[in-house]
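# Reading the structure
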Amino acid sequence: MKKIILLMIFIFLIDLVSALRINEIMYNPAGNDNNKEFIEIYGTNNLTNYIIGDSETNDSLIIINYNNKSNYSLIIEEGFNISLVNCSVFSAGSSIGNNLNNDEDSIYLYYNGTLIDNANYADSAEENYSLEFFNNSFKPSLIKGGTPGKINSYYFMNKTNNTNASDNENNINGECNITLGIEIKETKKYFPVYNNKETIEFCNIIEPDAYSFEIEYWVEDLFGNIIKKPYNTTNSNKKSYTPSIEEEEKVLIIKNRLLSINCSNINNKTSSEKYVIVKNENDALDEDSHIEIKEANPEDIKFGETLFIDLKAYKGNTNKNVIYVYIKGEEKISETTKIYLKSKYMEYEFTIPLKLKDNCKRKYNDGEYEIIAEGLDEKEEYIVLIEGLGNCPEDETNNKEEGEKAENKEKDIQYKLTGYNNTIYIENKTGIKNSLNIYNPDTEPYNITVYSYIYNGPKCYSDEGNRESNKLRFNLKANENRTIELKNDFEGDSGDYSYKIKIFINDEKTAEEITKEIKIMKKDIININKTEKILNYTNKTAENKVTGSAVEYSSKNSKLKNLSGYIVAGIIILGIILFSFKKAQ
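One numbering rule holds for all chains: residues counted from 1, following each sequence as written. In keeping with the model being predicted, local features are shown solely for residues with a pLDDT of at least 70 and side-chain atom pairs are shown and tallied solely at 80 or more, while totals for entire chains, interfaces and linings include all residues. Hydrogens and water molecules were not included; the side-chain quantities draw on all heavy atoms of the structure.

### Some details on the confidence of the model for the protein chain
Confidence of the prediction at every residue is given by pLDDT, a number between 0 and 100. On average, residues of the protein chain score 78 in pLDDT, and 76% of them are at 70 or above. Runs of H or I in DSSP of at least four residues are treated as helices and runs of E of at least two as strands, each being numbered from the N terminus. Per-element confidence in the protein chain ranges from a low mean pLDDT of 36 for helix α3 (residues 164-171) to a high of 95 for strand β2 (residues 38-42). Low pLDDT, under 50, characterises residues 159-173; the stretch is placed with 13 contacts to residues that sit more than four places away or in other chains. In what follows, a contact means two residues having at least one pair of non-hydrogen atoms within 4.5 Å.

### Section: the nonpolar core
Counting 28 residues, the largest nonpolar core has Leu311, Ile323, Val325, Ile327, Ile371 and Ile386 as the members making the most contacts within it. Elements represented by at least two residues in this core include exactly β22 (290-297), β23 (301-303), β24 (306-315), β25 (322-328), β27 (346-355), β28 (367-375) and β29 (378-389). At 5 residues, β27 tops the list of elements feeding residues into this core. Counting 26 residues, the second largest nonpolar core, distinct from the first, contains Leu417, Ile448, Tyr461 and Ile518. To qualify as a nonpolar core, a set must consist of buried Ala, Val, Leu, Ile, Met, Phe, Trp, Tyr and Cys residues joined through side-chain atoms within 4.5 Å. Only protein chains enter the accessibility calculation, which uses a 1.4 Å probe. A residue is then buried if its area is under 20% of the maximum for its type, exposed if over 50%, and partly exposed in between.

### Regarding the sheet that holds strand β30 (residues 414-418)
When DSSP finds two or more bridges between a pair of strands, those strands are recorded as paired. Sheet architecture is open: 3 strands sit in the order β30-β32-β36, paired in antiparallel fashion. If you trace the sheet from one side to the other, it starts and ends with β30 and β36 (481-489), each paired once. Across the sheet, the mean angle from the axis of one strand to that of its neighbour is 25°, orientation sign disregarded. Relative to strand β32 (residues 431-439), β30 runs antiparallel, the two sharing 5 bridges. Following the sheet pairing, Lys416 is matched in β32 by Asn437. In this analysis, axes come from line fits to C-alpha atoms, helices being fitted only over the stretch in contact, and the angle between any two N-to-C directions falls in the range 0 to 180 degrees.

### Points about the pattern of salt bridges
When a carboxyl oxygen of Asp or Glu is within 4 Å of a side-chain nitrogen of Lys or Arg, the pair counts as a salt bridge. All chains considered together, the criterion is met by 19 salt bridges. Among the salt bridges present, the one from Lys238 reaches Glu201, with a minimum N-O distance of 3.8 Å. Residue Lys238 is found in strand β18 (residues 238-241), and its partner Glu201 is found in strand β15 (residues 200-207); the two are separated by 37 residues along the sequence. The partly exposed category is assigned to Lys238, whose relative accessible area is 36%. Residue Glu201 is classed as buried on the basis of its relative accessible area, which comes to 9%. Between Glu513 and Arg362 there is a salt bridge whose closest N-O contact spans 3.1 Å. Taken together, the residues span a long stretch of sequence, with Glu513 in strand β38 (residues 512-522) and Arg362 in the loop between β27 and β28 at a distance of 151 residues. Each of the salt bridges in this network shares a partner with another, and the network as a whole consists of Arg362, Asp366, Lys500, Lys502 and Glu513.

### A word on the sheet that holds strand β1 (residues 21-26)
Pairing is mixed across the open sheet formed by 7 strands, whose spatial order is β5-β7-β6-β2-β1-β10-β11. Across the chains shown, the open sheet's two edge strands, defined by having one partner strand only, are β5 (62-65) and β11 (137-140). For this sheet, the mean inter-axis angle between neighbouring strands, taken without regard to orientation, is 30°. The pairing of strand β6 (residues 72-76) with strand β7 (residues 88-91) spans 4 bridges and is parallel.

### Observations concerning the packing of aromatic side chains
In this analysis, rings of Phe, Tyr and Trp, with Trp reduced to its six-membered ring, are considered paired at centre separations within 6.5 Å, and the interplanar angle assigns stacked below 30 degrees, edge-to-face beyond 60, and tilted for intermediate values. For the coordinates displayed, the defined rule picks out 16 aromatic pairs. On the basis of an interplanar angle of 80° and a centroid distance of 6.1 Å, the ring pair of Phe38 and Phe80 is categorised as edge-to-face. Residue Phe38 is located in strand β2, and its partner Phe80 is located in the loop between β6 and β7; the two are separated by 42 residues in the primary sequence. Here Phe38 and Phe80 have matching classes, each one buried. On the basis of an interplanar angle of 75° and a centroid distance of 5.5 Å, the ring pair of Phe133 and Phe138 is categorised as edge-to-face. A positively charged side chain is recorded as over a ring if its NZ (Lys) or CZ (Arg) lies within 6 Å of the ring centre. The angle to the ring normal must also be within 35 degrees. The ring of Tyr326 carries the charged tip of Lys332 above its face, separated from the ring centre by 4.3 Å.

### Brief notes about the environment of Ser244
Structurally, the position occupied by Ser244 is in the loop between β18 and β19 (249-261). Along the backbone, Ser244 and Val278 are 34 residues apart, and their C-alpha atoms lie at a distance of 9.0 Å. If we ignore the near neighbours within four places in the chain, the residues touching Ser244 are Asn196 and Lys197.

See the structure below:
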């Protein structure tokens, strides 16, 4: 039996089209916007592993209807009427993003964590008119309700020889070429293998669907036994069947056939079938759900940038199906991505993009933040270091140059770094020292907290990785001018680093900062000037002995003093020689 089953397993290929783009946006439908907004994607009929989002929230996509004849995919909200839609349809849940704003918004489309396309729009279309992509820009549609799953109205109106619409109308009650198929709502990648009592979702596909029709569908086993009795339908909406078997595993066949069509069909493909495998292994399956954040990239992330999270989730025996992923400190600092897990007893893997809020006004501190993934009655946390600003205009970063006044709640504290050198030579863990001058010209005192550290990217290279190890807290009185010394022990290799000082005034969350680039050069032995000569004397006493790598130095005066005896002896010897020479003459 297992050999037969293995022969029936096949792979659904994902057809990715390079010209893929966001093609149409319905952000302000008639009346209440709920369940009526949509985004049309041109260039693919398969949005598996895609994520759609607006400026606030991202959503994974669930397939509702697959159409392999179309080059469009429609992203909708739950409750959207797809009875007249002739393309692949995917649901983003109860809303697309955080609901598409009627004034302006941004839309992002990701595939496996990579940004594929994005679109920004303002309120330029009247109610119940969409925005259609035409000539590299978005224009209000020429048709009420837009053109979901169809050629955009601008292209349609500009094609002088376009006869698609009239052809369909004239062919009704005439000759037609109809094909029938079945598409399975497959959530387990490529293999149609289901667990017992797990719902199987599928759609009856008729091409083209411009005619009135009636289809009969049912489920049977390999021996022709009817498992689900036949039903008739006049639409291609999603259908479902929940198997209940006693065997260890069983092959089921979903079948359909065309009962009637409002045209003269010349094609004999009026029936189709799909095989699925049902495995009865629930007793051995884990009933509890699990969430695991495996990795977050890039490691060196700044505010305003996008962080990609590799997440693994297992849905056990629970009816809950949403996982929320976001980043927070004391408050959320990112958008929220919603992930939908439909099937029980299934393991999923995602790469999720999270757009961090910008920090141009320095509302948030550099430091450690938590990635939160919660849902299915589970919660997973992962620590990530966020430090620095993304693409902020220089006039908005609120960086403070040395000596500039701090603008934190109109406080007039002034500070200046003194004794700074951008190149530092150190031995082993020799401390790096700098002085900070702080002046309070105000008439009231302030509580000041100051600390410094050395870093490169997300890693701290001073004081055993503790960024606040040299934290100082003190009260700066009115009109007081104080200089404090900041010392950091360095624990890295020679190279380029950054040196940062953080100054908190009255325990405010936002710190004033001074950031400098430094080059640190380590040396184990003090370099000796090449022009200096070291004299080694034959009488190696304790005073002038060189031991190991240590070298004893003496001042010029002491050297002359030590040589004075030799100089005197030399003069006497020279005098004796001159005296003997004159006497010989």
